[in-house]
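Letter by letter, the chains look like this.
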Amino acid sequence: MTIRSAKYWKDVLLQTSGNGAAQLIGIAGIPILARLYGPESFAIQSIFVQMVILLAALITFRYEYFIPLLNDEYEYRSLSAWILNCGVLLSTLFTLAFAALHFVGVWGYWGLPESLLYILAPLSALMVSLALMCQFEVQRRGDFKISALAEVVSKFFYVAGGVTLSQLSSGIGLVLTTAFGAVGKIIFLKRVFWIGVNSDLPSSRSLLRRFGTRSVGMVFSNTLLAIGGAIPLYFLGAVYDANSLGQFALVITTIFLPTGVIGTAAGNVFYQRAAQLWNEQESAAISSLWRTTVVKLAALAIPIFVILYIISPWIYPLIFGDEWSLAGRLAQAMTLAAFFSFMAAPLDRLSLIINRGFYLPSIHGLRFLAVLGYFAIAERQSVESLVLGYSLVMAVVYLLDIVLCRALMRWVCAKEDKVFR
């Protein structure tokens, strides 16, 4: 069986429309949130989000990412029950651990902005993992319309939660926007949210063994990704000030919006289709799908990021207020990294499909070392120059990711004597 190009891009368009509508809500909401919360609150939120990314990998071991590779609903029910039980247990333990870390003053010792709200990171991570679990299942079923609508509902909850709780001086509304969005998605996808605890344990164990190696690779790579993402935040907060950190945090939230709208949509559909083709040993079709996806993403990315580069210095203060003028200049510096992220992000799950668990930890390890090395030798300079150097480093790593991913496909298919062009 082959995947028809028209159907493939129709599903990409469906998912993109949902992501696009969701991001329009987000774009409309960000200026509101930026006026309700100061740079210091955005600084805390940026640290909180990195904690959530790290914990989401640890509390479910990223087994939700393998749902598109399952054969039927029975396997989904079994695996989802295990994910829920494991997630609840480990998120509870991490919450207790974070409470202890807060009360002994570890955050301040590490140079992070102090906040009691970090204790809520494990619960937020659980919500994010469960939301992904539900969305991957509807995508496995090929229902990209529902998946697209889920993105819209999620972003509405994201913005509405932040606005509703903005009167609380602690900044809790902004910090918990990620959790609000995840809860909204779970509510919308409740028909696939199977919460039974009496799963078929032998089947669960079989699934855990099937994806065990890849799970280890995902956990390791996500840990490196989260720590690597936290390095510039830590450096800006420690060497500069909370305002610079907050300005950079807003840029990270906004400059990668095209990746969230189009790149993620293409990635979700590519993952589902490529997994289907791999199971049917249609490696030539995977090659065609890969090439088509890369070419069309490039055609979309070039005009988008050229325009963003030109307008960023004046559009940020215009939309968010005069206090965010630095963010406009930082956004201009980050457009190069955002461009290559747009290209690379949709394809990074290919190694999961072809069962090469070492790839993601390797590429994320390289990214971690590159970022760590850059900030280790970076001297105090203007924030704009520092961020421009960081953007160049990330762009090189993303480009290398695309090249190595292609080479990995060729090597695996040749090794297994598959037809591959």
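Rules of the game
- Each chain carries its own residue numbering, running from 1 in the direction its sequence is written.
- With the structure being a predicted model, the display of local features is reserved for residues of pLDDT at least 70 and the display and counting of side-chain atom pairs for 80 or more, all residues being used for whole-chain, interface and lining totals.
- Just so you know, side-chain values use all the structure's heavy atoms and leave hydrogens and water out.
- Numbering of helices and strands runs from the N terminus; a helix is a DSSP stretch of H or I covering at least four residues, while a strand is a stretch of E covering at least two.
- Note on exposure labels: buried denotes an accessible area under 20% of the residue type's maximum, exposed denotes more than 50%, and partly exposed covers the range between, all computed with a 1.4 Å probe on protein chains only.
- Definition of a polar contact: a pair of N or O atoms within 3.5 Å, with one able to donate and the other able to accept a hydrogen when the atoms are protein atoms, and with sequence-neighbouring residues admitted only if both atoms are side-chain atoms.
- What makes two residues a contact is simply this: any of their non-hydrogen atoms within 4.5 Å.
- When charges are tallied, Lys and Arg are placed among the positive residues and Asp and Glu among the negative ones, while His and the ends of the chain are skipped.
- Salt bridge criterion: a side-chain nitrogen from Lys or Arg within 4 Å of a carboxyl oxygen from Asp or Glu.
- Side-chain rings of Phe, Tyr and Trp, where Trp is taken by its six-membered ring, are said to pair if the distance between their centres is within 6.5 Å; with planes under 30 degrees apart they count as stacked, over 60 as edge-to-face, and otherwise as tilted.
- Distance and angle both matter: a charge sits over a ring if NZ of Lys or CZ of Arg is within 6 Å of the ring centre and within 35 degrees of the ring normal.

Section: the side chain of Thr177
- Mapping Thr177 onto the fold places it in helix 8 (residues 177-188).
- Assessed through its relative accessible area of 0%, Thr177 is described here as buried.
- In terms of polar contacts, Thr177 uses its side chain to reach the side chain of Gln45, at 3.2 Å.
- Not counting residues within four places of it along the chain, the set of residues in contact with Thr177 comprises Gln45, Tyr158 and Gly162.

What to know about the side chain of Asp401
- Relative to the helices and strands, Asp401 resides in helix 17 (residues 383-415).
- No salt bridge is formed by the buried Asp401, whose closest oppositely charged neighbour, Arg367, lies at an N-O distance of 4.3 Å.

Focus on the packing of aromatic side chains
- Evaluated as defined, the whole model comprises 20 aromatic pairs.
- Between Phe61 and Trp82 the ring centres are 6.4 Å apart and the planes differ by 40°, which places this aromatic pair in the tilted class. You can see Phe61 sitting in the loop between helix 2 (39-60) and helix 3 (73-103) and its partner Trp82 sitting in helix 3, a full 21 residues away along the chain.
- For Phe61, a relative accessible area of 32% gives the class partly exposed.
- Ring centres of Phe339 and Phe340 lie 4.9 Å apart, and the angle between their planes is 85°; this geometry places the pair in the edge-to-face category.
- Here a set of aromatic residues connected by ring pairs shows up, and it is made of Phe235, Tyr240, Phe248, Tyr374, Phe375 and Tyr390.
- Its guanidinium or amino end placed over the ring of Tyr158, Lys155 lies 4.4 Å from that ring's centre, counting from NZ or CZ.
- It is Arg380 that lies over the ring of Tyr240; its NZ or CZ is 4.7 Å from the centre.

With respect to the environment of Lys185
- Tracing the backbone through its elements, the reader meets Lys185 in helix 8.
- Along the primary structure Lys185 and Ala150 are separated by 35 residues, whereas in three dimensions their C-alpha atoms are 5.4 Å apart.
- Non-local contacts of Lys185, meaning those with residues more than four positions away in its chain, are made with Ala131, Gln135, Ala150, Glu151 and Ser154.

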